[in-house]
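Remarks on the overall topology
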Amino acid sequence: MQSNTIHNPPNRITDLVGLKQQGAEVICQPSFEILPVDFAHRDNQFQAFIFLCRFSGSTDGYEYMFRKCYARGCPHNLCPHVSQAVMIANRYLQRDYKKLQDVGVQVEKKLFTLEDMVIKFDSIKEEQSPLLTIHDYINIAKEGNEVAVGMELEFVTGVEHFANYQNQQVFLMVDFAVTMLDKTHHYERCLACYEAEKEQQEKPQAINIANERLKLLYEEFDLASVKYEKRFFE
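Residues numbered from 1 in each chain as written. Predicted model: local features only at pLDDT ≥ 70, side-chain atom pairs only at ≥ 80, totals over all residues. Heavy atoms only, no water.

Take the overall build of the chain next. Within the chain, the secondary structure is distributed over four helices and seven strands. Evaluated residue by residue, the chain yields a buried proportion of 47% over its 234 residues. Considering only contacts in the chain between residues 6 or more positions apart, those separated by 24 or more positions represent 59%. Surface accessibility of the chain: about 13,100 Å² in total, with carbon and sulfur atoms responsible for 46%. (Helix = DSSP H or I, 4+ residues; strand = E, 2+ residues; numbered from the N terminus. Buried < 20%, exposed > 50% of the residue type's maximum accessible area, 1.4 Å probe, protein only. Contact = heavy atoms within 4.5 Å. Areas by Shrake-Rupley, 256 points an atom, 1.4 Å probe, with all protein chains shown as cover.)

Encoded structure:
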């Protein structure tokens, strides 16, 4: 009897799109987690909230599950505010829904909301202006404006807090320094993560996932004539 778990399961939206294009039956169900995480980054220790989506389902009857981090939000100024993070997460989530929809994968288009959060904040400034994402800057470059992007690639340690346990993760983060109109703006993205205790088994796959996502981004940079230097996780 065949196992219903895939030996080489999909671990990116791109993988699901590729399988569907090859004729596989793809079932996809998103579910959300918004987790408090204690980060240790350089000399800063701070708590932030990561907006995760678990994609689970099956391809041709074989089960899979992977998770993707869509944003990180803070109740202070060390990263985007939580209200901005919700908007950023939903914009990228909608991009992924469209990729799936375009190849015929049916998926319930649920979005993140602050009401999903178990932890309430003393004050959430909804009036804050939306933060530009890296794809906003790509679109600005496509309109003929000069855009240059510098990148810092870092492995950042954080402790995720679940209801009954804690889990130490390592996040593969990119800090984009985007320069246009003589001003530099910073924007960050998490491209992959792995469990710290399983570094030997999980780190190579996390690096591969992050680098594949960087390759796709660099293709978009090239099409928009964004100035940058290719960098990858090692």
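Each regular strand carries side chains that alternate between the two faces of the sheet. Sheet topology note: the strand 4 (residues 148-161)/strand 7 (residues 227-228) ladder contains two bridges and is parallel. Directly across from V149, in strand 7, lies its bridge partner Y228. Examined bridge by bridge, strand 4 and strand 5 (residues 166-180) share 14 bridges and lie antiparallel to one another. Across the sheet, the residue bridging to G150 is A177, located in strand 5. Here strand 4 folds back onto strand 5, and the loop between the two strands holds four residues. (Pairing = 2+ DSSP bridges.)

The subject of this paragraph is the packing of aromatic side chains. The geometry of two aromatic rings is summed up by the distance between their centres and the angle between their planes. The final tally for this structure, using the stated rule, is twelve aromatic pairs. On the numbers, 6.3 Å between centres and 20 degrees between planes, the contact of F176 with Y187 is stacked. You can see F176 sitting in strand 5 and its partner Y187 sitting in strand 6 (residues 183-195), a full eleven residues away along the chain. Grouping residues by exposure puts F176 and Y187 together as buried. (Phe/Tyr/Trp six-rings, centres within 6.5 Å; stacked < 30°, edge-to-face > 60°.)

For the rest of this paragraph, the subject is the environment of K20. With respect to the helices, strands and loops of the structure, K20 is situated in helix 1 (residues 13-21). Owing to a relative accessible area of 26%, K20 belongs among the partly exposed residues under this scheme. C-alpha separation for the pair K20 and V105, spaced 85 residues apart in sequence, amounts to 7.4 Å. Setting aside residues up to four positions removed in sequence, K20 forms contacts with V26, V103, G104 and V105.

Turning next to the nonpolar core. In terms of nonpolar packing, the biggest core is built from 59 residues, with F112, I134, V147, V149, F176, F221 and F233 touching the most fellow members. Ignoring anything within four residues of it in the chain, the contact list for F112 reads F32, E33, I34, F51, L52, C53, Y70, V86, A89, N90 and L93. With 14 residues, the next largest nonpolar core counts V37, F39, L52 and F162 among its residues. (Core = buried A, V, L, I, M, F, W, Y, C linked by side-chain atoms within 4.5 Å.)

Residues that lie three or four places apart on an α-helix share one face, since the helix turns once every 3.6 residues. Those residues of helix 1 not exposed but buried are I13, L16, V17 and G18. Just downstream of helix 1, G23 is the residue with a positive phi angle, here 100 degrees.

Take the confidence of the model for the chain next. As a note on interpretation, predicted positions should not be read in detail where pLDDT is low. When pLDDT is averaged across the chain, the result is 85; 86% of the residues are at 70 or more. Of all helices and strands in the chain, the one with the weakest mean pLDDT is strand 1 (residues 26-41) (87), whereas strand 7 scores best (96). Predicted confidence for residues 118-129 stays below pLDDT 50, and this span has 20 contacts to residues more than four positions away or in other chains. (pLDDT = per-residue confidence, 0-100.)

Let us look at the pairing of strand 5. Where strand 5 meets strand 6, twelve bridges bridge the pair, whose relative direction is antiparallel. Directly across from F171, in strand 6, lies its bridge partner C193. Counted between consecutive antiparallel strands, the loop separating strand 5 from strand 6 contains two residues, among which L181 sits at a positive phi close to 50 degrees.

This brings us to the environment of Q84. Here Q84 is to be found in helix 2 (residues 82-102). Considering only alpha carbons, one finds Q84 and A71, 13 residues apart in sequence, at a separation of 9.2 Å.

On to the pattern of salt bridges, then. In total, this model carries 13 salt bridges according to the counting rule given. The partner of K198 in a salt bridge is E195, and the shortest N-O contact between them spans 3.8 Å. For K198, a relative accessible area of 36% puts it in the partly exposed group. Three or more residues joined by partner-sharing salt bridges are found here, namely K68, D96 and K99. (Salt bridge = Lys/Arg side-chain N within 4 Å of Asp/Glu carboxyl O.)

The phi angle at D182 is positive, at roughly 65 degrees, despite the residue not being glycine. Tracing the backbone through its elements, the reader meets D182 in the loop between strand 5 and strand 6. The phi angle at S225 is positive, at roughly 60 degrees, despite the residue not being glycine. Along the polypeptide, S225 turns up in the loop between helix 4 (199-224) and strand 7.

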